[in-house]
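Fold and geometry: a report
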Amino acid sequence: MVKVDFKLIDKILERYDYDKGNIIAIMQAIQEEYRYLPQAALEYVAEKIGVSMAKIFGVATFYENFSMDAKGKYVIKVCRGTACHVRKSANVLEAVYEATGLSEGKPSTEDGLFTVEIVSCLGACGLAPVVVVNDEVHSKMTPEKAQALISELKAKEGMR
Amino acid sequence: MRTKLNNRAEFQAVQAKYEAIHNSANRKILVCCGNGCVSSGSLKLYEEMKTAVKASGLKCVVELMEEPEKDAVNVKKTGCIGFCEMGPLVKIEPEGWLYTKVQISDIPEIIESTIMKGEFVSRLAYRNSGILAKKQSEIPFYNKQTRRMLNYCGNIDCESIEDYIGIGGYSAAVKAIFDMTPEQVVEEVIESGIRGRGGAGYPTGKKWSQVAANKNADVKYIVCNGDEGDPGAFMDGSTMEGTPHKVLEGMIIAGIACEAEEAYIYVRAEYPLSVSRLSMAIEQATEMGLLGDNILGSGKNFHIHINQGAGAFVCGEGSAMTNSIEGNRGMPRAKLYHQVDVGLYGKPTCLNNVETFANIPDIINHGAAWFKSVGTEGSTGTKAFALTGNVNNTGIIEVPMGITLREVVVGIGGGIKNYQDFKAVQIGGPSGGCLTYEHLDLPLDFDSLKSVGAIIGSGGLVVMDENTCMVDTARFFMNFICKESCGKCTPCREGTTRMKQILEDICNGEGTMEDLDELEEIARMMEKSSLCGLGKTAANPVLSTLANFRNEYEEHISEKLCRAGVCQKLSQKVYAINAATCIGCTKCARNCPVEAITGQIKTPHVIDASKCIKCGTCMEGCPAGAIYIENGRKGNVKY
Ligand SMILES: Cc1cc2nc3c(=O)[nH]c(=O)nc-3n(C[C@H](O)[C@H](O)[C@H](O)COP(=O)(O)O)c2cc1C
Ligand code: SF4
Ligand code: SF4
Ligand code: SF4
Ligand code: FES
Ligand code: FES
């Protein structure tokens with residue numbers, strides 16, 4: 001569990017004028033900081049800008065990008081957009097799932113190392129299939145390259 | 001900090017200054033920093049290039065705030081040059097040379113040969129079947145295009161308002177502000193015939209006149225749709241990050257026409273680069289007095305805000321976007337009113353697509369007649385497409401409306417990759433359809449496409465070869481749509497779920513012929529009774545693959561065969577050699593493009609099914625007729 005720094009949340013709220021209409025932008029800023037939306041932060045926001053938790057949850061759960069669960073140290077985004085699909089990104093996704101032991105129903109590893117997400121088009125279709133690890137883009141992927149990439153990350157973390 | 005310009009004369013003086021700089025003979029190195037090239041490492045390349053230029057004792061200018069000395073080298077960061085697959089790209093001006101796949105290790109040679117001695121580094125040139133192309137204009141991928149909307153993209157520094165002004169930027173906005181009445185602006189846009197580039201193709205001028213007609217509204221909004229939901233299209237992203245000022249300028253002109261002062265750009269969450277470049281552009285334009293209050297002392301105001309999406313395809317729909325900007329769940333609203341009358345915050349709202357706005361400055365500058373000089377009668381101007389999939393050249397292209405599919409796939413795309421056969425083009429994303437061999441000579445415009453059950457949509461063009469399974473393609477889009485359905489209305493929520501289930505069954509070999517009828521029935525129901533465009537068009541990929549490739553559906557169902565070899569649970573076609581008749585002439589082994597065939601001379605040859613790409617070359621050439629096709633399963637075929 002991360003500890004939420006309320007001063008930081010205050011700063012974000014200030015930047016957005018404590019305006020209810022900016023709730024999406026506020027949550028985006030919080031997620032940028034913690035890489036997910038900590039419950040405590042949302043409760044704090046709800047109170048400060050005067051909206052119900054139900055409304056905040058409603059908005060947060062509607063949008064794919066908001067996550068209520070902590071994410072792994074390495075967030076691996078596998079593009080499943082059309083251009084990547086016709087260049088066989090399904091096989092790449094399968095390889096990533098296999099190498100991390102994850103699946104669509106279980107997106108993060110218990111050790112907090114990996115989160116695998118499916119995204120639709122990262123705007124680099126010319127280089128399909130594309131996989132993004134945190135902010136680093138890996139282009140023209142194959143199942144073999146995906147496996148090697150994850151082995152490399154594991155090795156970096158001293159795992160085998 | 002830039003100096004604020006207080007009137008038109010000051011703007012013109014600044015423009016003259018930057019124009020002169022732009023036209024100067026100074027050496028320029030343009031490093032592509034579009035999304036594709038950034039993915040290939042071009043930001044580092046750009047930084048290293050600057051360092052290397054300085055280290056070599058040359059004067060290096062980055063920002064064009066002041067006039068550079070005569071011998072200074074100008075290193076620029078551009079938007080997508082269009083040929084992302086060959087990235088990172090570097091262009092050398094004034095010669096116009098294009099270097100491809102440039103690595104940091106290539107920098108010393110570029111500086112030494114090209115910058116110091118003016119020599120071309122042929123090692124880095126693009127080669128088309130062995131023929132070397134020095135300049136962009138010598139490459140077929142480019143010289144068959146008509147780049148108008150994207151004319152600056154890749155040619156100027158995308159993070160510099162000075163560069164944009166120097167090439168003529170903001171002169172259209174200035175003209176609209178000072179020389180034209182709102183009515184005249186609307187009139188010119190109507191006359192140009194431009195139709196919205198976001199999908200539906202609604203006439204832009206007509207929309208503007210409807211918003212303008214709300215004379216008594218206290219507030220009106222201009223909204224730019226940069227949500228680009230089609231998963232496989234990236235023209236709008238390229239435009240926003242490559243020529244952000246052109247989008248802003250188009251929006252300012254819309255503001256003049258509709259007499260609106262507040263504006264939003266809604267950018268898809270996956271485009272952080274677009275957000276940062278647009279924010280930078282807004283900041284620069286505000287500093288110079290081209291945005292904000294009292295623009296150039298004209299008394300006109302215009303403010304642009306950026307909203308970042310949070311990953312919901314349906315937010316590309318107008319009323320859902322309105323909800324999202326207002327901070328709600330992004331669900332569409334029932335259409336009691338039109339957005340042009342009652343839109344964002346209940347006020348008259350003009351919503352247009354990124355590309356639509358980016359076309360406007362040229363219409364005002366060069367006139368409606370110029371705009372209409374390309375394209376067809378019903379679809380004027382040019383259109384940007386994201387050409388992707390199994391073609392040799394992928395990237396962003398801009399072509400006249402009405403160009404044939406053949407010219408795009410063969411002429412610009414350079415044909416199908418790896419000598420495979422063309423099968424289909426999926427156009428218009430999840431609301432679109434597929435075009436096949438028989439549509440190769442169909443003109444790409446709004447009305448022709450509609451007549452064959454496809455749409456231009458936002459402009460995604462995915463080329464598919466014979467190794468693509470059309471049932472799987474339909475399932476792919478339905479899967480996407482099913483996930484993205486907001487769930488507000490039953491037909492769409494239940495319909496997409498059921499269709500996805502049926503398609504999955506068919507791909508797994510558990511489908512029945514009755515399923516095909518059910519698919520069509522659900523499609524009709526969804527089209528009639530869904531609340532928003534997402535549900536109304538969701539079945540299009542299914543209907544269009546059913547219409548064009550019904551035989552593939554039937555093979556999946558009755559023969560349990562996936563001819564493309566995509567559906568893992570089904571049989572596929574495999575090439576095999578009959579050992580009894582093979583005379584061991586080795587011809588097939590020599591001809592196979594992927595070296596899938598092995599064997600000693602005068603002994604029977606074998607095909608490695610895991611390597612074979614099913615091109616059929618071997619079978620065509622075999623003098624003994626020993627090669628045949630059989631149905632087998634992937635992985636366990638033995639010969
Ligand atoms: C589900 C759905 C998604 C849409 N996505 C987009 C989009 O990503 N970008 C876009 O410009 N228009 C999109 N549209 C179309 C918009 O609703 C709207 O028609 C368009 O932005 C108007 O601009 P235009 O007239 O300049 O094309 C979408 C429509 C629907 C129904
Ligand atoms: S058609 Fe689909 S996306 Fe549109 S409102 Fe209904 S459920 Fe939502
Ligand atoms: S071309 Fe035909 S006969 Fe010659 S080696 Fe190949 S299969 Fe055998
Ligand atoms: S079809 Fe024949 S020539 Fe073509 S890849 Fe397969 S084995 Fe090689
Ligand atoms: S489809 Fe994967 S990057 Fe566009
Ligand atoms: S991003 Fe460089 S060519 Fe497209």
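Computed from a predicted structure; not experimentally measured.

1. As for the overall build of chain A
The number of helices and strands found in chain A is seven helices and four strands. Reading the secondary structure of chain A in the N-to-C direction produces α-α-α-α-β-α-α-β-β-β-α. Structurally, chain A occupies a C-alpha span of about 50 × 35 × 25 Å along its principal axes. Expressed as a percentage of the 160 residues in chain A, the buried residues total 52%. Within chain A, residue pairs in contact and separated by at least 24 positions form 63% of the contacts whose partners lie at least 6 positions apart. Of the roughly 7,800 Å² that chain A leaves accessible, carbon and sulfur atoms contribute 49%.

2. Considering the state of the cysteines
Residues and elements named next belong to chain B. Across all of its chains, the model carries zero disulfides over all chains by this definition. Residue Cys224 stays outside any disulfide, its sulfur separated by 10 Å from that of Cys350, the closest cysteine. Judged by its relative accessible area of 0%, Cys224 falls in the buried class. Of all cysteine sulfurs in the structure, the one in Cys469 sits closest to Cys562, which takes part in no disulfide; the separation is 3.8 Å.

3. A word on the site of ligand 3
What surrounds ligand 3 is the set Ile577, Cys582, Ile583, Gly584, Cys585, Thr586, Cys588, His605, Cys622, Pro623, Ala624 and Ile627 of chain B. For the shell around ligand 3, the residue count by class is nine nonpolar, three polar and no charged.

4. Structural notes on the pattern of salt bridges
Under the definition given, this model contains 32 salt bridges over all chains. Between Glu270 of chain B and Arg268 of chain B there is a salt bridge, with the nearest N and O atoms lying 3.6 Å from each other. Its relative accessible area of 6% is what places Arg268 of chain B among the buried residues. Among the ionic pairs, Arg493 of chain B bridges to Glu494 of chain B, the shortest N-O distance being 3.4 Å. Exposure remark for Glu494 of chain B: the relative accessible area of 44% places this residue in the partly exposed category. What emerges from the salt-bridge pattern is a single network uniting Arg87 of chain A together with Glu85 and Lys417 of chain B.

5. Some points on the side chain of Asp505 of chain B
Its place among the elements puts Asp505 of chain B in helix α19 (residues 490–507). Although Asp505 of chain B is buried, it makes no salt bridge; Arg498 of chain B carries the closest opposite charge, 5.2 Å away.

6. Some details on the site of ligand 1
All names here are of chain B. By nearness alone, 18 residues border ligand 1, and Gly198, Gly229, Asn352, Asn353 and Thr356 come closest of all. Taking Gly316, its main chain carries an N or O atom lying 3.3 Å from a nitrogen atom of ligand 1. Contact distances for ligand 1 include 2.7 Å between an oxygen atom and a side-chain N or O atom of Thr356. Alone, ligand 1 offers 610 Å² of accessible surface; in the complex the protein occludes 86% of this. Only β11 (349–353) and α21 (533–537) provide two or more residues apiece to the shell around ligand 1. Residues belonging to the shell around ligand 1 are distributed by class as follows: three nonpolar, ten polar and five charged.

7. Digging into the interface of chain B and chain A
It is common to report an interface's size as the accessible area lost on association of the parts. Across the contact, 51 residues belong to chain B and 33 residues belong to chain A. Roughly 3,100 Å² is buried in total at the junction of chain B and chain A, and carbon and sulfur atoms are behind 53% of that figure. At the surface where chain B touches chain A, the tally comes to one salt bridge. For Arg87 of chain A, the salt bridge goes to Glu85 of chain B, with nearest N and O atoms at 3.4 Å.

8. Brief notes about the pairing of strand β8 (residues 221–226) of chain B
Residue and element names in this part refer to chain B. Counting buried positions over the six residues of β8 gives six, a clear majority of the element. Sheet topology note: the β8/strand β9 (residues 262–267) ladder contains six bridges and is parallel. Bridged to Val223 within β9 is Tyr264. Where β8 lies against β11, five bridges are found, and the strand directions are parallel. When the sheet's bridge partners are listed, Cys224 is paired in β11 with Asn352.

9. Comments concerning the domain arrangement of chain B
By the assigned domains, chain B splits into domain 1 (24–139), domain 2 (169–372), domain 3 (382–465), domain 4 (470–559) and domain 5 (575–629). A separation of 48 Å is found between the C-alpha centroids of domain 1 of chain B and domain 4 of chain B.

10. Structural notes on helix α13 (residues 318–325) of chain B
Most of α13 of chain B is tucked away, with eight of its eight residues classed as buried. Next to the buried residues of α13 of chain B lie α2 (23–34) of chain A together with β8, β9, β10 (303–308) and β11 of chain B. The first or second residue beyond α13 of chain B is Gly327 of chain B, which carries a positive phi of 90°.

11. A closer look at the sheet that holds β8 of chain B
All names here are of chain B. If you walk across this open sheet you meet the four strands as β10-β9-β8-β11, and the pairing is parallel. Among the strands making up the open sheet, the edge pair consists of β10 and β11. Each adjacent strand pair in this sheet contributes to an overall mean axis angle of 20°, direction not counted. Of the strand pairs in this sheet, β9 and β10 are connected by six bridges, and their pairing is parallel. Among the inter-strand pairings, Glu262 is bridged to a residue of β10, identified as His303.

12. Thoughts on a nonpolar patch on the surface
There is a patch of nonpolar side chains on the surface, built from Leu336, Tyr337 and Val342 of chain B and spanning about 360 Å² of accessible area. Tracing the chain through its elements places Val342 of chain B in the loop between α13 and β11.

13. Considerations on the environment of Phe234 of chain B
With respect to the helices, strands and loops of the structure, Phe234 of chain B is situated in the loop between β8 and α10 (235–242). Here the alpha-carbon distance between Phe234 of chain B and Ala384 of chain B, two residues 150 residues apart in the chain, equals 9.7 Å. When sequence neighbours within four positions are dropped, the list of residues in contact with Phe234 of chain B reads Gly123, Cys125 and Gly126 of chain A together with Cys84, Glu228, Tyr271, Ala386, Thr388, Gly395 and Ile396 of chain B.

14. Description of the domain arrangement of chain A
Looking at the assigned domains, one finds that chain A contains domain 1 (6–62) and domain 2 (74–156). For domain 1 of chain A versus domain 2 of chain A, the separation of C-alpha centres amounts to 29 Å.

15. Describing the packing of α2 of chain A against helix α3 (residues 39–49) of chain A
Residues and elements named next belong to chain A. Packing of α2 against α3 brings their axes to within 12 Å, and their N-to-C directions diverge by 150°. Where α2 crosses over α3, the two elements pack in a sense that is right-handed. Residues Ile23, Ile26, Met27 and Ile30 of α2 lie in contact with α3, whose contacting residues are Ala41, Leu42, Val45 and Ile49. Here the contact of α2 with α3 is built from residues that sort into eight nonpolar, no polar and no charged.

16. Focus: helix α18 (residues 470–484) of chain B
Residues and elements named next belong to chain B. With 15 residues, α18 should cover 21 Å at 1.5 Å per step; its first-to-last C-alpha distance of 21 Å lies within 8% of that length. Of all 15 residues that make up α18, twelve are buried, and the element is covered over most of its length. Taken together, the buried positions of α18 are occupied by Met470, Val471, Asp472, Thr473, Ala474, Phe476, Phe477, Met478, Phe480, Ile481, Cys482 and Glu484.

17. With respect to the packing of helix α20 (residues 513–529) of chain B against helix α22 (residues 540–548) of chain B
All names here are of chain B. Where α20 contacts α22, the two axes come as close as 10 Å, and the packing angle between them is 135°. Relative to α22, α20 is oriented oblique. Classified by chirality, the crossing of α22 by α20 is left-handed. Between α20, through Leu516, Leu519, Glu520 and Ala523, and α22, the contact on the second element is made entirely by Val542, Leu543 and Leu546. For the contact of α20 with α22, the per-class residue count stands at six nonpolar, no polar and one charged.

What counts and how
Residues numbered from 1 in each chain as written. Chains lettered and ligands numbered in written order. Predicted model: local features only at pLDDT ≥ 70, side-chain atom pairs only at ≥ 80, totals over all residues. Heavy atoms only, no water. Helix = DSSP H or I, 4+ residues; strand = E, 2+ residues; numbered from the N terminus. Buried < 20%, exposed > 50% of the residue type's maximum accessible area, 1.4 Å probe, protein only. Contact = heavy atoms within 4.5 Å. Areas by Shrake-Rupley, 256 points an atom, 1.4 Å probe, with all protein chains shown as cover. Disulfide = S-S within 2.5 Å. Near = heavy atom within 4 Å. Nonpolar A, V, L, I, M, F, W, Y, C, P; charged D, E, K, R; others polar. Salt bridge = Lys/Arg side-chain N within 4 Å of Asp/Glu carboxyl O. Lys, Arg positive; Asp, Glu negative; His and termini not counted. Polar contact = N/O pair within 3.5 Å; in protein donor to acceptor, adjacent residues only side chain to side chain. Buried area = accessible area lost by both parts, 1.4 Å probe. Pairing = 2+ DSSP bridges. Domains from an automatic or database assignment. Axes fitted to C-alpha atoms, helices over the stretch in contact; angles between N-to-C directions. Patch = residues over 30% accessible without salt bridge, like charges linked within 9 Å, V, L, I, M, F, W, Y side chains within 5 Å. Left-handed = near helix turned anticlockwise from the far one by under 90°. Expected span 1.5 Å × (residues − 1). Parallel < 35°, antiparallel > 145°, perpendicular 65-115°, else oblique.

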